[in-house]
Amino acid sequence: MELSNKQITVIFKALCDENRVQIFRILQNGELCACHLLEELNLSQPTLSHHMKVLCDSGLVVGRKEGKWMHYSISQEGAKVAVDCLKEITAVTENGCPCCNHQ
């Protein structure tokens, strides 16, 4: 699977913020309601909503509405895409330098 540069940027943008990494780590224990995330984090509700939008837009986290609350969990498919993406962009090819054929 080959992602566009834009898609790769969206995935890594989601993980380049300390609060979003903390949210991701909290969600490793399973699905949580936004109210529980607010209890664990020192964030306002609008700030949490922003971070959750970034995480959901990246495909790393999924949300589902239950009543007035949102429940969030790690997307196993999104996590696999992120891992595959990192492997893809860090793979070394043996093409060498086109001007001098230096490997």
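These figures come from a predicted structure and were not determined experimentally. (Residues numbered from 1 in each chain as written. Predicted model: local features only at pLDDT ≥ 70, side-chain atom pairs only at ≥ 80, totals over all residues. Heavy atoms only, no water.)

Trainee: How would you summarise the state of the cysteines if you had to cite specific residues and measurements?
Mentor: All chains considered together, the criterion is met by zero disulfides. Among the cysteines around Cys35, which has no disulfide bond, Cys33 carries the closest sulfur, lying 3.0 Å off. Cys56 takes part in no disulfide bond, and the closest cysteine sulfur, belonging to Cys33, lies 13 Å away. Overall, the relative accessible area of 28% leaves Cys56 in the partly exposed class. (Disulfide = S-S within 2.5 Å. Buried < 20%, exposed > 50% of the residue type's maximum accessible area, 1.4 Å probe, protein only.)

Trainee: Give me the side chain of Ser73: which residues, what numbers.
Mentor: With respect to the helices and strands, the residue Ser73 is situated in strand 3 (residues 69-74). Here Ser73 falls in the buried class, since its relative accessible area comes to 17%. The contacts of Ser73, once residues within four sequence positions are left out, are Leu27, Glu31, Leu60, Val61 and Val62. (Helix = DSSP H or I, 4+ residues; strand = E, 2+ residues; numbered from the N terminus. Contact = heavy atoms within 4.5 Å.)

Trainee: Describe in detail the pairing of strand 2 (residues 61-66), supporting the description with residues and values.
Mentor: Put simply, side chains in a regular strand alternate between the two faces of the sheet. Pairing of strand 2 with strand 3 involves six bridges; the strand directions are antiparallel. In the sheet register, Val61 faces strand 3, and the bridge partner there is Ile74. Joining the antiparallel neighbours strand 2 and strand 3 is a turn of two residues, in which Gly67 adopts a positive phi near 65°. (Pairing = 2+ DSSP bridges.)

Trainee: Please give an account of helix 5 (residues 76-90) that cites residues and values.
Mentor: Between its first and last C-alpha atoms helix 5 spans 21 Å; for 15 residues at 1.5 Å apiece the expected length is 21 Å, and the two agree. Among all positions of helix 5, only Gly78, Val81, Ala82 and Cys85 are buried. Across the axial projection of helix 5, the buried residues extend over an arc of 100°, all falling on one side. The exposed residues of helix 5 that point more than 90 degrees off its buried face are Gln76, Lys80, Lys87 and Thr90. (Expected span 1.5 Å × (residues − 1). Arc of directions from axis to C-beta.)

Trainee: I'd love a proper account of the pattern of salt bridges, names of residues and values included.
Mentor: Under the defined criterion, the tally for this structure stands at four salt bridges. Close ionic contact of Arg64 with Glu31 constitutes a salt bridge, the shortest N to O distance being 2.8 Å. Of this pair, Arg64 sits in strand 2 while Glu31 sits in the loop between helix 2 (18-27) and strand 1 (32-33), and the two are 33 residues apart along the sequence. Overall, the relative accessible area of 36% leaves Arg64 in the partly exposed class. Residue Glu31 is classed as partly exposed on the basis of its relative accessible area of 37%. As a salt-bridge pair, Asp84 and Lys80 come within 2.7 Å of each other at their nearest N and O atoms. Of this pair, Asp84 and Lys80 both sit in helix 5, four residues apart, roughly one helical turn. When salt bridges that share partners are traced, they join Glu31, Arg64 and Glu66 into one network. (Salt bridge = Lys/Arg side-chain N within 4 Å of Asp/Glu carboxyl O.)

Trainee: How would you explain the pairing of strand 3 if you had to name every residue and give the values?
Mentor: With two bridges connecting them, strand 1 and strand 3 associate as antiparallel partners. Directly across from Cys33, in strand 3, lies its bridge partner His71.

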